[in-house]
Amino acid sequence: MADQIAADDRESFDEGYAESTTTSYLSSLASDIRRGVTENGRTYASYGRTVQGIPIDEPEQDRNDLQHAKFLLLLGGKLHLAPIADDAHNILDLGTGSGIWSIDMADLHPSATITGVDVAPTMPTWVPPNVQFEIEDIEEDWLFGKSRFDFIFGRELLMAIHDWPRLIKQAYDHLKPGGYLELEMTFPKTFCEDGTLDLETSAYAESARLLFECGRKMNVPWEASLEWKEQMRAAGFVDVVETTLNIPIGRWPKDKDMKKIGTFELANIDQGLDAFLLRGFTGALQRSEAELQVLTALARKEIFDPKNHLNVKL
């Protein structure tokens, strides 16, 4: 038998109490979720089991939209790599953010229903008729019916997921037979294959190292993607495919497409480096925002120098 729910003796009700559920306490909760939590001038989600490491404010949504264009270039104009059927009926977008991927998928699959979920209300109001957005914590039990989705997609769930095996198992249980799960995440370890920058003394490499340290301290490790393949197999998935792509940082590549991708990634880091580190650096690592500003200024100087041929991997 389930444990009895304890009553809050601070609550009192008048006889004949009939306040609408659309006012007072529920409205206050909804308002808190919309506002989020402000720290060091950035806004973070106030809802969800896991303390989020990345902001949800307008600058962050602008960065996400910019990166959507980068991913289109990386994937050759595709929105995903999984070979889903053209007549897919139900598609789930985990951590939808600004909703841009869901909206593009809705245009590409007009007969499908695209459901985008996130812990923060960062999605637009005006969307295609086959898109629906919901405020959900994907680390809690999913309320969707089992075996419902043809395709479940999650991209760049950065510093947001504590229990990846549980999330992957829930995705497996909610996919139809023959359905696909696709997860994508940038692995921020710094690479410099031609030795144009000494990574032992590099400020950018140090910032990347600190990203990993913050993730571990906050129990949302950046290394999580290295274990996805085995976790998917353990959940029951078959024919698991792992794809690794190089992402240059800057305009240094000779190939014109890679130069475009590098330009987008340069903008991603320029706009996002402080946001990636800020909460973990000042909270989990107990270091000052001023110290972070010095480090990221030095890191930006390195990545904007075309003589430094840095890259990360997806």
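The text that follows walks through the structure, step by step, so that each part is easy to find. Everything numeric in this text was worked out from a predicted model, so none of it was measured. (Residues numbered from 1 in each chain as written. Predicted model: local features only at pLDDT ≥ 70, side-chain atom pairs only at ≥ 80, totals over all residues. Heavy atoms only, no water.)

1. Things to note about the sheet that holds strand β3 (residues 90–94)
Across a sheet, paired strands are connected by hydrogen bonds in the backbone, their directions being either parallel or antiparallel.
In step 1: If you walk across this open sheet you meet the 5 strands as β5-β4-β3-β6-β7, and the pairing is parallel. Lying at the two open borders of the sheet, with one neighbouring strand each, are β5 (131–135) and β7 (175–184). Pairs of neighbouring strands in the sheet enclose a mean axial angle of 15 degrees, with direction left out of account.
In step 2: Two strands pair when backbone bridges link them, and strand β4 (residues 113–118) and β5 are joined in this way by 5 bridges, in the parallel orientation. (Pairing = 2+ DSSP bridges. Helix = DSSP H or I, 4+ residues; strand = E, 2+ residues; numbered from the N terminus. Axes fitted to C-alpha atoms, helices over the stretch in contact; angles between N-to-C directions.)

2. A look at the pattern of salt bridges
Two side chains carrying opposite charge are able to pair once their charged atoms lie near each other.
In step 1: Following the criterion strictly, the structure yields 15 salt bridges and no others.
In step 2: Linking Glu184 and Arg155 is a salt bridge whose minimum nitrogen-to-oxygen distance equals 2.8 Å. Of this pair, Glu184 sits in strand β7 while Arg155 is found in strand β6 (residues 149–155), placing the two residues 29 residues apart along the sequence. Here Glu184 and Arg155 have matching classes, each one buried.
In step 3: Here Arg300 and Asp270 are joined by a salt bridge, their closest N and O atoms 2.9 Å apart. With a gap of 30 residues between them, Arg300 in helix α8 (residues 289–303) and Asp270 in helix α7 (residues 256–284) connect regions that are remote in the sequence. (Salt bridge = Lys/Arg side-chain N within 4 Å of Asp/Glu carboxyl O. Buried < 20%, exposed > 50% of the residue type's maximum accessible area, 1.4 Å probe, protein only.)

3. Section: the sheet that holds strand β9 (residues 246–249)
In step 1: Reading across from one edge, β8-β10-β9 is the order of the 3 strands in this open sheet, with antiparallel pairing throughout. Looking at which strands have only one partner, the edges of the open sheet turn out to be β8 (187–191) and β9. Sheet twist, expressed as the average angle between the axes of neighbouring strands with direction ignored, equals 30 degrees.
In step 2: Pairing of β9 with strand β10 (residues 310–313) involves 4 bridges; the strand directions are antiparallel. Among the inter-strand pairings, Asn246 is bridged to a residue of β10, identified as Lys313.

4. Topic: the packing of helix α4 (residues 164–174) against helix α6 (residues 228–235)
In step 1: In contact at an axis separation of 9 Å, α4 and α6 are set at 45 degrees when each is read in the N-to-C sense. As the angle between them shows, α4 and α6 are arranged oblique. As α4 packs across α6, the resulting crossing turns out to be right-handed. Contacts between α4 and α6 pair Trp164, Pro165, Ile168, Lys169 and Tyr172 from the former with Trp228, Gln231, Met232 and Ala235 from the latter.
In step 2: When grouped by side-chain class, the residues that make up the contact of α4 with α6 number 7 nonpolar, 1 polar and 1 charged. (Parallel < 35°, antiparallel > 145°, perpendicular 65-115°, else oblique. Left-handed = near helix turned anticlockwise from the far one by under 90°. Contact = heavy atoms within 4.5 Å. Nonpolar A, V, L, I, M, F, W, Y, C, P; charged D, E, K, R; others polar.)

5. A look at the nonpolar core
In step 1: The biggest cluster of nonpolar side chains holds 61 residues, and the ones touching the most others in it are Trp142, Ile152, Trp164 and Leu181.
In step 2: Ranked by residue count, the leading element in this core is α7, at 8 residues.
In step 3: Not counting the four nearest positions on each side in its chain, Trp142 is found in contact with Leu92, Leu94, Ile152, Leu167, Gln170, Ala171 and His174.
In step 4: Judged by nonpolar contacts, the second largest core, of 13 residues, contains Ile84, Ile91, Met105 and Phe151. (Core = buried A, V, L, I, M, F, W, Y, C linked by side-chain atoms within 4.5 Å.)

6. Topic: unusual backbone geometry
In step 1: For Ser147, which is not glycine, the phi dihedral falls at a positive 55 degrees.
In step 2: Relative to the elements of secondary structure, Ser147 occurs in the loop between β5 and β6.

7. What to know about the environment of Gln170
In step 1: Assignment of secondary structure puts Gln170 in helix α4.
In step 2: Residue contacts for Gln170: discarding those within four places in its chain leaves Ile138, Glu140, Asp141 and Trp142.

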